[in-house]
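Coordinate inspection notes
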Number of protein chains: 2
Amino acid sequence: MKPSSGILTIDLSAIQENWRRLNRAVSSANVAAVIKADSYGLGAHRIGPLLAEEGCRSFFVATLYEGLAARKYLPASARVFVLGGSPAGTEDLFVTSNLIPVLFSVDAVRRWQSFVVARQITPACAIKIDTGMTRMGLSLAEFAELCGTPTFAINVQLIMSHLACAEDTEHPLNRLQLTRLASLQATAKKQWPQVEFSLSNSSGIFLGPEWHFDWVRPGAALYGINPTPGKSSPVVPVIRLALPVMQKRELTETATLGYGAEAKLSPPARVLAVAGGYADGLHRILGPRGEGWIGRERVPVIGRISMDITLFDASALTLEAFARVEEIEIINTEQDVNMLSARNTALGYEVLTSLGSRFQRRYLPPKSGEEVAS
Amino acid sequence: MKPSSGILTIDLSAIQENWRRLNRAVSSANVAAVIKADSYGLGAHRIGPLLAEEGCRSFFVATLYEGLAARKYLPASARVFVLGGSPAGTEDLFVTSNLIPVLFSVDAVRRWQSFVVARQITPACAIKIDTGMTRMGLSLAEFAELCGTPTFAINVQLIMSHLACAEDTEHPLNRLQLTRLASLQATAKKQWPQVEFSLSNSSGIFLGPEWHFDWVRPGAALYGINPTPGKSSPVVPVIRLALPVMQKRELTETATLGYGAEAKLSPPARVLAVAGGYADGLHRILGPRGEGWIGRERVPVIGRISMDITLFDASALTLEAFARVEEIEIINTEQDVNMLSARNTALGYEVLTSLGSRFQRRYLPPKSGEEVAS
């Protein structure tokens, strides 16, 4: 049976390889995995268990809903941190579901404190500090004030912050954020002797060991996004996207193509219509001057991408190659997520999270223990 | 319990109203509903049954997979056309699932013919003609040649084509496409006396009765997208999108905000972090200079939209309004899908199909029979 929609192939062995490379890159720190937004669109229900098997013990998701899903596919021993915190009224659900809220404001901390005091329990939580991104988190002053409160009695396992400019190794904010987070360590360890610290996302790992603290939290790099833009990637590509050809057309007269009749071709010209359009995120993935690949031949998008169909100008193909073609590759080794994002000034993350839900997901298996023993 | 992700409210009574308005706009033709791409992201499982109840008897989806889903929520009497046709090997599944393939190439027609001849059955199918979009469909010559084949024996219920420039009422292609489709009617009716014709999408309806043929096929207009851009909309808005505030911040010193530290604010300044980011399609929905609404106050996005969080500069709010705010409206009556798409040069369709799957869908009920009797 021929596919009727795009095929997104996700190479679990590549994710495994990236996980191992990132672990080697942080000799003394631990590595947690960010699997929010369904592992950036690649399928957290497959990637989460794989990483747990690789030894990952801490996972980060964005919302309560993602956390509840994660609890179904992750081992009970895995810690699941919910970056969006515990919205009012969800505290009980966090505890019964074994989820750890990341508390990011004084209000959120106070609410959690009231809850645990009322229940006389000490469930784990994390605190997020704003060290310079001005997005989420307690300010240093707010944190200090809380720690000075005699009744402050929540069980904080992790104190974390988030780098704003980690991809730009020369940005002065990187060291400033590091210094600010480090400045809390003495106070925090007095309050919670076991508390751990975390600052770095994928790119932060490559700023150097000082930025690693106790835990690093890669997401993007696990999924093949180069955490060191402008330098060769320390991780390998993970996905391939191919769209099946629905119709082949050899033009017999000059014709306009697609919506708005904006594109025009004259014979000899060959056009391929493939299954996949902007409802599948193709606009965002390909950007304004999109190209696909047929073997080693580059074929440009022609005309406007429509909701479910995209046209490619395959005039450069030989008649034989044209007769043979069954799919056009959109993401492959010639045009990976990093190249697409560099060309479109989107972020690799955005390319991944734009991948449509109609694409059929196919998973290439991870390597077994023996195969990778070398 | 406070929401931890955006709330997308879909007003079923507005879709019902649009359905009725479109029916009034096409006095003699029938109206089919396009519910592909999950009703442009709004939930075909809710919208399909609603329209069936309103009397809709023919539905269009994009893929076999969408067709199989539609069969679960639509009455057995409803016709479900699959625009992507029947990929090789799926023919049996089409027949057993009561789905009608739209055959869009000579190859597809021949394959369907072989199948029905081998099985000695006469399941319904549709044929798509390319009248000028040069995307999918048989050319006029190909269709004429097939009809001239003595063994041509498939059961064609519908012959359809698709307008490329219907939103531009002055475009000469509109009449050319009409003339080309009409030129097939005599030949086709000789072959299949009951066969019906269809050309117009939402915008085509407003080109005039000549373009209506037997069936019109609105999608966009049902979902509130203005089919007559530049003129007042003949349909009403359908959706509202609101994102919950996660954190409020009053700046005490000058700070850079978000990834890349590209934005900067100095006190007095008030910032709101809301749940929702580019993983929810917000980039595509809002475009480069995004704005949200708090009551009647317009608040601009500040800093880069991140994956799960967006910051808004709420400095214009009074302290009282700032203390009170619980959500920011992204799509409402002040900023509807048509305005967003006009400002971002995206299409309204693209805005709808970019709406993230993490948003909680809430449906406002349709009007009951009595209420709308007037």
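Residues numbered from 1 in each chain as written. Chains lettered and ligands numbered in written order. Predicted model: local features only at pLDDT ≥ 70, side-chain atom pairs only at ≥ 80, totals over all residues.

Digging into the overall build of chain A
Stated precisely, the cut-off is as follows: Counting from the N terminus, the helices are DSSP H or I runs at least four residues long and the strands are E runs at least two residues long. Counting other C-beta atoms within 10 Å of a residue's C-beta gives its exposure: the residue is buried at 20 or more, exposed at 12 or fewer, and partly exposed in between, where C-beta atoms are placed from the backbone. Here contacts are defined at the residue level, using C-beta atoms placed from the backbone and a cut-off of 7 Å between them.
The helix and strand tally for chain A stands at 14 helices and 19 strands. Each of the three principal axes of chain A carries a C-alpha extent, and together these read 85 × 45 × 40 Å. Looking at chain A as a whole, 53% of its 374 residues qualify as buried. Within chain A, counting contacts between residues at least 6 apart in sequence, those at least 24 apart form 65% of the total.

Things to note about unusual backbone geometry
Residues and elements named next belong to chain A. Between Pro267 and Pro268 the backbone carries a cis peptide bond, its omega angle lying at -5 degrees. As for its placement among the helices and strands, Pro268 is situated in the loop between β13 (263-265) and β14 (270-275). Its identity as a non-glycine residue notwithstanding, Ala37 has a phi of 50 degrees, on the positive side. For Ala37, the position within the fold is in helix α2 (residues 36-41).

With respect to the interface of chain A and chain B
Across the contact, 50 residues belong to chain A and 50 residues belong to chain B. For the side of chain A that touches chain B, the secondary structure elements donating two or more residues are α2, α4 (64-73), β11 (239-250), β12 (255-257), β14, α11 (282-286), β17 (309-313) and α14 (348-354) of chain A.

Quick notes on the relation of the copies chain A and chain B
Defined as follows: Superposition of the copies was done by least squares, using only C-alpha atoms of residues whose pLDDT is at least 70 in both.
With an RMSD of 0.0 Å, the operation that places chain A on chain B is a rotation of 180 degrees combined with a shift of 0.0 Å along the axis. Within this description, the copies of the chain are treated as partners about a two-fold rotation axis. By residue overlap, the copies meet face to face through one surface: 100% of the interface positions of chain A are interface positions in chain B.

Describing the nonpolar core
Using the following cut-off: For this analysis, nonpolar core means a set of buried Ala, Val, Leu, Ile, Met, Phe, Trp, Tyr and Cys residues linked through C-beta atoms within 7 Å.
Formed by 241 residues in total, the largest nonpolar core has its most connected members in Phe59, Val80 and Ala126 of chain A together with Phe59, Val80 and Ala126 of chain B. Ignoring anything within four residues of it in the chain, the contact list for Val80 of chain A reads Phe59, Val61, Gly67, Ala70, Arg71, Leu74, Leu99 and Ile100 of chain A.

Observations concerning helix α13 (residues 337-344) of chain A
Residue and element names in this part refer to chain A. The following threshold applies: This arc is taken over the directions from the axis of the helix to the C-beta atoms.
Of the residues making up α13, those classed as buried are Val337, Leu340 and Ser341. Buried residues of α13, seen end-on, are gathered within an arc of 95 degrees and therefore sit on one face of the element. Looking at the buried residues of α13, the elements they touch are β11, α11, β18 (327-331) and α14.

Examining the pairing of β18 of chain A
Residue and element names in this part refer to chain A. Stated formally: Whether two strands pair depends on DSSP finding at least two bridges between them.
A large share of β18 lies buried, amounting to four of its five residues. As judged from the four bridges shared by β11 and β18, these two strands associate in the antiparallel manner. The partner of Leu243 across the bridge, within β18, is Ile328.

A closer look at the environment of Tyr65 of chain B
Tracing the backbone through its elements, the reader meets Tyr65 of chain B in helix α4 (residues 64-73). Considering only alpha carbons, one finds Tyr65 of chain B and Val82 of chain B, 17 residues apart in sequence, at a separation of 9.3 Å. Tyr65 of chain B has contacts with Ser4 and Ser5 of chain A, leaving out every residue within four places of it along the chain.

Observations concerning the packing of helix α1 (residues 12-25) of chain A against helix α3 (residues 44-53) of chain A
Residue and element names in this part refer to chain A. Going by this rule: Between the N-to-C directions of two axes lies an angle of 0 to 180 degrees, each axis being a line fitted to C-alpha atoms and, for a helix, fitted only over the stretch in contact. Any angle between 65 and 115 degrees counts as roughly perpendicular, while under 35 counts as roughly parallel, over 145 as roughly antiparallel, and the rest as oblique. By convention the crossing between two helices is left-handed if the near helix lies anticlockwise of the far one by an angle smaller than a right angle, and right-handed if it lies clockwise. Charged residues are taken to be Asp, Glu, Lys and Arg, nonpolar residues to be Ala, Val, Leu, Ile, Met, Phe, Trp, Tyr, Cys and Pro, and polar residues to be all remaining types, Gly included.
Orientation of α1 relative to α3, taken along the N-to-C sense of each, is 45 degrees, at an axis distance of 11 Å. The angle between α1 and α3 places the two elements in the oblique class. Both α1 and α3 take part in a crossing whose hand is right-handed. Where α1 abuts α3, its residues Leu12, Ile15, Gln16 and Trp19 lie against Arg46, Ile47, Leu50 and Leu51. Residue composition of the contact of α1 with α3, grouped by class: six nonpolar, one polar and one charged.

Comments concerning the environment of Leu42 of chain A
All names here are of chain A. For Leu42, the location among the structural elements is in the loop between α2 and α3. Along the backbone, Leu42 and Ser357 are 315 residues apart, and their C-alpha atoms lie at a distance of 9.9 Å. Discounting residues that sit within four places of it in the chain, Leu42 has contacts with Ile10, Ile47, Tyr223, Ile239 and Leu352.

Remarks on the confidence of the model for chain A
Do not read the predicted coordinates in detail wherever pLDDT is low. What counts, and what does not: The quantity called pLDDT is the predictor's confidence in a given residue, expressed from 0 to 100.
Here chain A averages 93 in pLDDT, and 97% of its residues register 70 or above. Of the regions scoring below 50 in pLDDT, residues 370-374 of chain A engages in one contact with residues more than four places distant in sequence or in other chains.

A short note on the environment of Ser161 of chain B
All names here are of chain B. In this fold, Ser161 is placed in the loop between β8 (155-160) and α8 (172-182). Residue Ser161 is classed as buried on the basis of its 25 C-beta neighbours within 10 Å. Taking the C-alpha atoms as reference points, Ser161 and Lys190, separated by 29 residues in sequence, lie 19 Å from one another.

Here we look at helix α6 (residues 106-119) of chain A
All names here are of chain A. Spelled out, the test is: An expected span of 1.5 Å times one less than the residue number is assigned to each helix.
With 14 residues, α6 extends 20 Å from end C-alpha to end C-alpha; this agrees with the ideal 20 Å at 1.5 Å per step. Within the span of α6, buried status applies to Ala108, Val109 and Trp112. Take α6 and look down its axis: the buried residues cluster within an arc of 100 degrees, on one side only. In α6, those exposed residues whose orientation departs by more than 90 degrees from the buried face are Ser114 and Ala118. On its buried side, α6 packs onto α5 (91-96), β6 (100-103), β7 (124-128) and α7 (140-147). Remark: Gln120 follows α6 within two positions and exhibits a positive phi of approximately 55 degrees.

A word on the pairing of strand β17 (residues 309-313) of chain B
Residue and element names in this part refer to chain B. With four of its five residues buried, β17 lies for the most part within the structure. Bridge count for strand β14 (residues 270-275) against β17 is five bridges, and the pairing is antiparallel. Each bridged residue has a counterpart across the sheet, and for Val274 the counterpart in β17 is Thr310.

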